[in-house]
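# Structural overview for review
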Amino acid sequence: MSADPTTSALALNVLIAVLGGAIRVGTPFLMVSLGECITEKAGRINLGLEGVLVFSAMAGFGGAYLSGSPWVGVLAAGLSGALLALLHGIVCSLPRVNDIATGIALMLLGTGLAFYLGKPLIQPQAPQIPAIALGEWSNSAQVRAALQINALFPIGVLIALVCAWAFRSTRFGLVLRMAGDSSDAARALGYSVNGIRIAATTLGGFIAGLGGASLSLHYPGSWNEGLSSGQGLIAVALVIFARWSPLRCLGAALLFGGAGALGPALQSVGISQGYYLFNAVPYVLTLLILVWTCSPRRSLKGAPLELGVSR
Amino acid sequence: MKLSPRSIDAIESVGLPLAALAGALLLFGVFVWFGGKSPVDAWALLFKGAFGDWFSWQNSLQRAAPLMLTALCVAIPARAGLIVIGGEGALVLGGLACAGLPYLFAPPANAFGTALLLLAAAAAGAAWIALVGVLRQWRGVNETISSLLLAYTAIALFKHIVEGPMRDPASLNKPSTRTLAEGLRIGGMFDSDVHWGLLFGLVACVALGVWLFFTTQGFATRIVGGNARAARLVGLPSTRIIVVACAIGGACAGLAGGIEVAAVHTNANASLVAGLGYAGILVAFVARQNPWLVVPVAVLFGGFGAAGSLLQRRLDVPDASVLVLQGFAFLLILASDALRGRLFAPTAQSVPSAPAVVVEPPAPAPASAPIALPTRSGDTIAGHPNLAGGLTPKEAT
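All residue numbers refer to positions counted from 1 along the written sequence of the respective chain. Chains and ligands are labelled by the order in which they are written, letters from A for the one and numbers from 1 for the other. Reporting of local features is limited, given that this is a predicted model, to residues whose pLDDT is at least 70; pairs of side-chain atoms are given and counted only at 80 or more, and all residues count toward the totals for whole chains, interfaces and linings.

## Examining the overall build of chain A
- Secondary structure elements are taken from DSSP: a helix is a run of H or I of four residues or more, a strand is a run of E of two residues or more, and numbering for both begins at the N terminus. Of regular secondary structure, chain A possesses 12 helices and 2 strands.
- Put simply, chain A runs from its N terminus to its C terminus through helices and strands in the order α-α-α-α-β-α-β-α-α-α-α-α-α-α.
- We compute the radius of gyration from the C-alpha atoms alone; for a globule the expected value is 2.2 Å times N to the 0.38, where N is the number of residues. Over its C-alpha trace chain A gives a radius of gyration of 20 Å, about what one expects of a compact globule, namely 19 Å for 311 residues.
- Taken along the three principal axes of its C-alpha coordinates, chain A extends 70 × 50 × 35 Å.

Given below as structure tokens:
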């Protein structure tokens, strides 16, 4: 019986660390997946969100550093993300331009611009987004540290709720979904399909940009060239995992974030085996879900019909 | 002067990308100029660093070798109608297989041993991407997404194995596998720094181009990719053709990883995960999924990569300037595709045919009108109609 308390205490520590980490690591996931969700609902895939994420992380850090206010940085991150996504939207509206290839090109351009312009920002410290302390009730320093919630996380939850509501019951949301489900119908009603998609891509870029701000202004909380580990690219998988529902994006982001936090949490209690394998769990899980739910005879449930990848 | 649709197509396929490239260089010049540097210096250094002398050429060609192979991992499946973007996964697994074979048995430390290593690399890559094709044909899982997911899984596996089971205890700062024996490595061609991997890339591009354009199997592959329904109607075994195309592409990417390990890194470590797979996607799209065009495009972009350090040293700009240039170039080249079939069409066809309608009012109007139309649209999409539309919903199966 003597080993039990330590084991359970260890397990509890890991659990708390994973829960806190799920929110900390999951916030950028949440933002990019919401951005990607909006883009895909309108019928386009933006693989360039990786570039958007890195570029906006740099812009957000720069904005916060130069202005002294983290919220100016957040705004700068959102706007720069929107700008880059706008480019994707416009280029993809040209005839015969493939959105997947454009996304990869944008990824290259975004990271290139971020590394180029962000070179002077690697050393300095920028004011950070304040954390919301949810762990004040606890005596344990560990719990309190784990429950320092990124202020952008509740904003992300709010965006997810607003998105879910807007898709269901606003004119804009319905038109956006129509562009994604049947461009012919949208055209017949006199809407510009390309216009809607450009607007959706830009809005998605803005939200993904907030994810970039979360990276550079909260966790890890500095600007360097290895900041993003592919969160922008994997947003596409996340959205499929969430079956194009903003609310399920929230759950998926927390799951992906938690999986990302599991490795370090186990490492902190001395288990260093399989660090990378834990990171890969969400990808394998998504693939298994795809294999499970897909069928050659019908498209994925909930997928926008115009989307090149849903079929 | 009257141009045939074929020659118009040829002019456009060469002219448009070149014009877009010039535009990208111009844009890059403006970008550098905003940073207070001379754009002319930047252009000169770019050329010097990429193709200025033999040393730069060697550097460029060395960088082009893996790009050719990873581009084939996109181009060959694309000809069968699949957009595979997970070449990075096949590349790292290829590198792992190449570095891992000596753990199983000791291959002879000569060219035969190297061939075994590369074979293992190609097999690993082929299996990985073939899985993408199998999943798509068997379960209808979208190949773009599954290949991306598999790439991330492969990278995680790679890091796990390199830092865990296969780690060389002697590699302290940078976890790596055991270094390949001297005799197993790939050296330079003809006393140069350019390793034999370039030859593999060239041969693969040329041979797969021949396979695609001059063999029955290649023709069948292009039918499956061009029109899935037609392929079904004539009874082509679509599943087999698609899986084979994926396996060929994956083998190329795996080979790229094996060559990178055997010629450059000498062991498998995290430096292998350098985005070569993603760069290959763009090379393939710029080359319009044509294996032969992959060669010059890969050399060009290898050259840009090679010029980076010279730009950094001499002009004092961040080394990411090359990434910016590549981003501009790819974006503009992709966008320039929108102009295809439009440069010559209005002047070459519709103007001369217009008076014909006016002059002969008694002639039945429908007979003369259609003449102007089909010549305009026939030449537009070379090679890959299924991919060209991007988002046009592929017919429901």
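## Details of the overall build of chain B
- Scanning chain B from N- to C-terminus turns up 16 helices and 0 strands.
- Considering only contacts within chain B whose residues lie at least 6 apart along the sequence, 76% involve residues at least 24 apart. Each residue gets a C-beta atom placed from its backbone, and two residues are in contact if those atoms lie within 7 Å.

## What to know about the nonpolar core
- Within the largest apolar cluster, 236 residues are counted, with the highest numbers of intra-cluster contacts made by Leu 238 of chain A together with Met 68, Leu 72, Ile 129, Val 283 and Val 294 of chain B.
- Of all the elements, helix H10 (residues 238-265) of chain B adds the most residues to this core, at 17 residues.
- Two domains each put at least three residues into this core: domain 1 (1-37 + 317-344) and domain 2 (62-314) of chain B.
- When residues no more than four places from it in sequence are discounted, the contact partners of Val 294 of chain B are Met 68, Ala 71, Leu 72, Ala 75, Cys 205, Val 283, Ala 284 and Ala 287 of chain B. For this analysis, nonpolar core means a set of buried Ala, Val, Leu, Ile, Met, Phe, Trp, Tyr and Cys residues linked through C-beta atoms within 7 Å. Here a residue counts as buried when 20 or more other C-beta atoms fall within 10 Å of its C-beta, as exposed when 12 or fewer do, and as partly exposed in between; the C-beta atoms come from the backbone. Domains are outlined according to an automatic or database domain assignment.

## Describing the environment of Ser 182 of chain A
Residue and element names in this part refer to chain A.
- Relative to the helices and strands, Ser 182 is located in the loop between helix H7 (171-181) and helix H8 (183-188).
- C-alpha of Ser 182 to C-alpha of Ala 141: the two residues are 41 residues apart in sequence and 54 Å apart in space.
- Leave out the neighbours within four places in its chain, and Ser 182 touches Leu 305 and Glu 306.

## Some details on the interface of chain A and chain B
- Contact with chain A, which involves 48 residues of that partner, is made by 45 residues of chain B.
- Elements with a contribution of two residues or more to the side of chain A that touches chain B: helix H4 (99-117), helix H10 (231-241) and helix H12 (275-293) of chain A.
- No other element matches the 14 residues that H4 of chain A contributes to the side of chain A that touches chain B.
- Residue polarity is assigned by list, with Asp, Glu, Lys and Arg as charged and Ala, Val, Leu, Ile, Met, Phe, Trp, Tyr, Cys and Pro as nonpolar; anything else, Gly included, falls into the polar class. Here the side of chain A that touches chain B is composed, by residue class, of 31 nonpolar, 11 polar and 6 charged.

## Considerations on helix H2 (residues 39-52) of chain B
Residue and element names in this part refer to chain B.
- Listed in full, the buried residues belonging to H2 are Ala 42, Leu 45, Leu 46, Gly 49 and Ala 50. End-on, the buried residues of H2 take up no more than an arc of 115 degrees, which puts them together on one face.
- On the buried face of H2, the contacting elements are helix H1 (5-34), helix H3 (54-79) and helix H12 (291-315). Throughout, the arc means the angular range of directions from the helix axis out to the C-beta atoms.

## Description of helix H3 (residues 70-93) of chain A
- Every helix has an expected span of 1.5 Å times one less than the residues it contains. For H3 of chain A, which comprises 24 residues, the first-to-last C-alpha distance of 34 Å matches the rise-based estimate of 34 Å (1.5 Å per residue) to within 8%.
- The buried fraction of H3 of chain A amounts to 17 of the 24 residues, a majority that puts the element mostly inside the structure.

## Let's talk about the confidence of the model for chain B
Residues and elements named next belong to chain B.
- pLDDT measures the predictor's confidence residue by residue and takes values from 0 up to 100. On average, residues of chain B score 80 in pLDDT, and 85% of them are at 70 or above.
- Ignoring residues within four places in sequence, the model shows residues 348-397, a span with pLDDT below 50, making 57 contacts including any to other chains.
- Across the whole predicted complex the pTM is 0.84, and at the interface the ipTM reaches 0.86.

## A look at unusual backbone geometry
- Located in the positive-phi region is Arg 96 of chain A, a residue other than glycine, with phi close to 65 degrees.
- With respect to the helices and strands, the residue Arg 96 of chain A is situated in the loop between H3 and H4.
- The class of Arg 96 of chain A is partly exposed, set by 18 C-beta atoms lying within 10 Å.
- Positive phi values are uncommon outside glycine, yet Arg 288 of chain B reaches one of about 55 degrees.

## Things to note about the domain arrangement of chain B
Residues and elements named next belong to chain B.
- Assigned domains within chain B: domain 1 (1-37 + 317-344) and domain 2 (62-314).
- Taken together, the 12 residues of domain 1 in the interface contact 12 residues of domain 2.
- Taken together, the elements giving at least two residues each to the side of domain 1 that touches domain 2 come down to H1 and helix H13 (321-336).
- Considering each element in turn, the side of domain 1 that touches domain 2 owes the most residues, 7 residues, to H13.

## Regarding the packing of H4 of chain A against H13 of chain B
- It is at 7 Å that the axes of H4 of chain A and H13 of chain B come closest, and there the two elements cross at 155 degrees. With respect to H13 of chain B, the axis of H4 of chain A lies roughly antiparallel. Viewed along their axes, H4 of chain A and H13 of chain B form a crossing whose handedness is left-handed. Of H13 of chain B, the residues touching H4 of chain A (which contributes Ala 101, Thr 102, Ala 105, Leu 106, Leu 108, Leu 109, Thr 111, Gly 112, Leu 113, Phe 115 and Tyr 116 of chain A) are Ser 321, Leu 323, Val 324, Gln 326, Gly 327, Phe 328, Phe 330, Leu 331 and Leu 334 of chain B.
- Among the residues forming the contact of H4 of chain A with H13 of chain B, the class breakdown is 14 nonpolar, 6 polar and no charged. An axis is simply a line fitted to the C-alpha atoms; with a helix, the fit covers only the stretch in contact. Between two such axes, the angle follows the N-to-C directions and lies from 0 to 180 degrees. Angle categories are assigned with fixed cut-offs, so that under 35 degrees is roughly parallel, over 145 is roughly antiparallel, 65 to 115 is roughly perpendicular, and the rest are oblique. A crossing counts as left-handed when the near helix is turned anticlockwise from the far one by less than a right angle, and as right-handed when that turn is clockwise.

## What about the environment of Gly 302 of chain B?
All names here are of chain B.
- Position of Gly 302 among the secondary structure elements: in helix H12.
- Residue classification places Gly 302 among the buried residues on the basis of 25 C-beta atoms within 10 Å.
- Between the alpha carbons of Gly 302 and Asn 59 there is a distance of 8.0 Å; along the sequence they are 243 residues apart.

## A few points about the packing of H3 of chain B against H10 of chain B
Residue and element names in this part refer to chain B.
- In contact at an axis separation of 7 Å, H3 and H10 are set at 170 degrees when each is read in the N-to-C sense. When the axes of H3 and H10 are compared, the pair comes out roughly antiparallel. Along its contact with H3, which presents Ala 65, Pro 66, Leu 69, Thr 70, Leu 72, Cys 73, Val 74, Ile 76, Pro 77 and Arg 79, the element H10 presents Ala 245, Cys 246, Ile 248, Gly 249, Gly 250, Cys 252, Ala 253, Leu 255, Ala 256, Ile 259 and Glu 260.
- Residue classes in the contact of H3 with H10 are distributed as 16 nonpolar, 3 polar and 2 charged.

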